[in-house]
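Remarks on the overall topology
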Amino acid sequence: MKLSRLFRLFALALLLTLAISYSLNASAPAKIQLVVVLVIDQFRPDYLERFKPLLSGGLKSLYEHGVVFTNASFQHAITETCPGHATIVTGAHPKEHGIVASWWLDRDSKDIRYCVEDGTHRRAPSTLLRSTLADWLKASDEHSRAFSVAGKDRSAILLGGHSAQGAIWFEPEQGAFASSSYYQAIDEKWLSALNTAVSARNYFGSSWTAHPSIEKAGRLDRFGLVAPDYGDFHSGFPRSLGGLSLAPSEDFFSDIASSPILDELTVDAALFTLKQHNLGEGSSTDYLAIGISGHDRIGHAFGPDSVEILDSVLRIDSSLAKLFHYLDSNVGRGRYLIVVTADHGIKSLPEVKRLKGQSVRRLSADDYSCVQNAGERIAEAFQRSPLFIAKYYLAQEAAQSIPRAELDKHVQEELSRCDFVARVLSSAQIESASQDQLSTDKDLAYYYNSHLPSRSQDYYLLLKESVIDAPDQRTGHGTISAEDRAVPVILMGAGLGPKRIEDPFALHDLATTVASLLGISGPDDVSGTDRSALLISPRPAP
């Protein structure tokens, strides 16, 4: 009797052990086979909520099923394409990864340096001073593969990092995707196959027409859209691609690059890359970065409150649905991780803000003259000519005999005579800032995070919020304004459930957070913080 009872107890214990083991294995997330980092150039976080009723594809899936950080922003001042992309993948500030702007002055040659310029390969990540998420992944597993595809060369190159096998981008001058000799997995034969399969020439003879959802949407003002339809501000569809020509020419390809067609081509090129290399289908974790670049040009040309930007968002939504369908079918749902963000935001058109009752204006010709004349007066006061080169850089030889404190004071006084200037910061002021100053002066902290003495300018001009500086475009970015620093951050897949996180999230924390989810780590001195606990904690979505 006792033996029978003991046997039953043993059998029950064994069954419970097997059940618990099965339950744990069933709930354990599958290994992440592929991480896709997707950066939409100049994408504002409010687009997802504003345009939500019209979304039906990939953006809708991300917003409804992903982990959404609702309060994410960059913590640096120069909110441009190059520093934004580099910060996203390095887990570092511009002062650390070295990409302080899209262009900066090379103090040795006195030439302006492009952020991905390379003397040997023409285009390469040689100016990037830190390793990236792709580099960390490949260092952890030599069989992992990394590729990047973008509309802009700087986006593809910086997102790919130092060790990507391939980076490709669209060249309007060629009307085709191109690469660099830096990348060993991309040769002329591979590029030729890509450009045959994904060709901008196929759009010749067509125009940029409205997405079907726009035609069905009815009144667009309920989405916060305003069309200052006068003078140069003609809006609406269709829009021509190229001019009067019997064959595709450079102006046609330039128009393609400034339309949503570029982003559709980019996603198709990413799909081509996935298929050619079977990314995510091996035993190691692979990496693919996608830079959606045409959206930035549309925002500059028409502003974030235009029907054109809505059209761009809807077409990105459709393209991502196609991408996600491929990943579900070939990599497997739950076996890939999607990371979506942007490199910066964008300011609304001054004309639109005025229509909404806000007091704002563009800088005028007199405003530009005010700064230029200030430069002349400063040089004359110290009898140095030229005292400045390349905008806000000092001519070092001319300035070295002038007491820096005296020079800074004079520069700040002269520039403050321009009524649109809110503040002038000097490199000396930034470099000597104490932790107490940085903790209480957010503007100073943003510039501190952007500033690398060997590459950065000597003075920074902070404009009042009521003005916008966009001489070559209808609107712009690049400032410490919340409109420029705020971006979306969404992670989806790999067992992550739908969730809204309102905690502040800094973009230099993103690479470290994703690395943690992948089970890898970056350098010990990386400044980004692992925030993955926020993603997997049991806080439910509202």
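What this report covers is the structure whose coordinates are included nearby.

About the cut-offs
- Residues numbered from 1 in each chain as written.
- Predicted model: local features only at pLDDT ≥ 70, side-chain atom pairs only at ≥ 80, totals over all residues.
- Heavy atoms only, no water.
- Core = buried A, V, L, I, M, F, W, Y, C linked by side-chain atoms within 4.5 Å.
- Buried < 20%, exposed > 50% of the residue type's maximum accessible area, 1.4 Å probe, protein only.
- Helix = DSSP H or I, 4+ residues; strand = E, 2+ residues; numbered from the N terminus.
- Contact = heavy atoms within 4.5 Å.
- Pairing = 2+ DSSP bridges.
- Disulfide = S-S within 2.5 Å.
- Axes fitted to C-alpha atoms, helices over the stretch in contact; angles between N-to-C directions.
- Left-handed = near helix turned anticlockwise from the far one by under 90°.
- Nonpolar A, V, L, I, M, F, W, Y, C, P; charged D, E, K, R; others polar.
- Salt bridge = Lys/Arg side-chain N within 4 Å of Asp/Glu carboxyl O.

**Section: the nonpolar core**
Core analysis: the biggest nonpolar cluster contains 142 residues, and L59, F69, Y287, L323 and L327 have the highest contact counts within it. Broken down by element, the residue count for this core peaks at 12 residues, all from helix 13 (residues 307-332). With near-sequence residues (within four places) excluded, L59 lies in contact with I40, F43, L48, V313, I316, D317 and L320. With 23 residues, the next largest nonpolar core counts L363, Y392, L407 and V467 among its residues.

**Quick look at the pairing of strand 19 (residues 489-493)**
Most of strand 19 sits out of view: five of its five residues are buried. Bridge analysis of strand 2 (residues 67-69) against strand 19 gives three bridges, and the strand direction is antiparallel. Following the sheet pairing, F69 is matched in strand 19 by V489. Both strand 12 (residues 336-341) and strand 19 contribute to a ladder of five bridges, which runs antiparallel. Counted as the bridge partner of L337 is G493 from strand 19.

**Things to note about the state of the cysteines**
Applying the stated criterion across every chain yields a total of two disulfides. For C82, the disulfide goes to C115, at an S-S distance of 2.1 Å. A torsion of -45° about the S-S bond marks the disulfide between C82 and C115 as left-handed. Taken together, the positions of C82 in helix 4 (residues 81-90) and C115 in the loop between strand 5 (112-114) and strand 6 (117-118) put the pair 33 residues apart, joining distant regions of the chain. By relative accessible area, C82 is classed as buried at 0%. A sulfur-sulfur separation of 2.1 Å characterises the disulfide bridge that pairs C370 with C418. Since a negative S-S torsion denotes a left-handed disulfide, the C370-C418 link at about -105° is left-handed. Placement of the pair is C370 in helix 15 (residues 365-381) and C418 in the loop between helix 17 (404-415) and strand 16 (421-426), with a sequence separation of 48 residues. Numbered in order of appearance, the disulfide-bonded cysteines of the chain are paired 1-2, 3-4.

**As for the sheet that holds strand 10 (residues 176-178)**
Reading across from one edge, 10-9-8-11-1-12-19-2-20 is the order of the nine strands in this open sheet, with mixed pairing throughout. Looking at strand neighbours, the two that pair on one side only are strand 10 and strand 20 (499-501), the edges of this open sheet. Averaged over all pairs of adjacent strands, the angle between strand axes in this sheet comes to 15°, irrespective of strand direction. In this structure, strand 2 lies alongside strand 20, joined through three bridges in parallel fashion. Within strand 20, the position partnered with F69 by the bridge is I501. Sitting on the sheet, helix 6 (residues 133-140) is in contact with strand 1 (34-40), strand 8 (146-150) and strand 11 (286-292), with an inclination near 170° to strand 11.

**Some details on the side chain of E96**
As for its placement among the helices and strands, E96 is situated in helix 5 (residues 94-97). In this structure E96 comes out as buried when scored by relative accessible area, which is 18%. Those residues in contact with E96 that sit more than four places away from it in its chain are L129, R130 and S527.

**Digging into the packing of helix 15 against helix 17**
In the contact formed by helix 15 and helix 17, the axes pass within 9 Å of each other and the chain directions differ by 150°. Seen from above, helix 15 lies across helix 17 with right-handed handedness. Across from V371, A374, R377, I378 and A381 in helix 15, the residues of helix 17 making contact are L407, H410, V411, E414 and L415. Its residues assigned to classes, the contact of helix 15 with helix 17 comprises seven nonpolar, one polar and two charged.

**Overview of unusual backbone geometry**
That bond from S385 to P386 is cis: its omega, 0°, falls within 30 degrees of zero. With respect to the helices and strands, P386 occurs in the loop between helix 15 and strand 14 (388-389). The backbone of R122 sits at a positive phi, close to 75°, despite the residue not being glycine. Mapped onto the fold, R122 is located in strand 7 (residues 122-123). Despite not being glycine, A390 shows a phi value in the positive range, around 50°. Its place among the elements puts A390 in the loop between strand 14 and strand 15 (393-394).

**Quick word on the pattern of salt bridges**
In total, this model carries 32 salt bridges according to the counting rule given. In this structure, R145 engages D286 in a salt bridge whose closest nitrogen and oxygen atoms are separated by 2.7 Å. One end of the pair, R145, is in the loop between helix 6 and strand 8; the other, D286, is in strand 11, with 141 residues separating them in the sequence. For R145, a relative accessible area of 23% corresponds to the partly exposed category. Among the ionic pairs, E413 bridges to K409, the shortest N-O distance being 2.5 Å. Taken together, the residues E413 and K409, both in helix 17 and four residues apart, mark about one turn of the helix. Given the relative accessible area of 42%, E413 is considered partly exposed.

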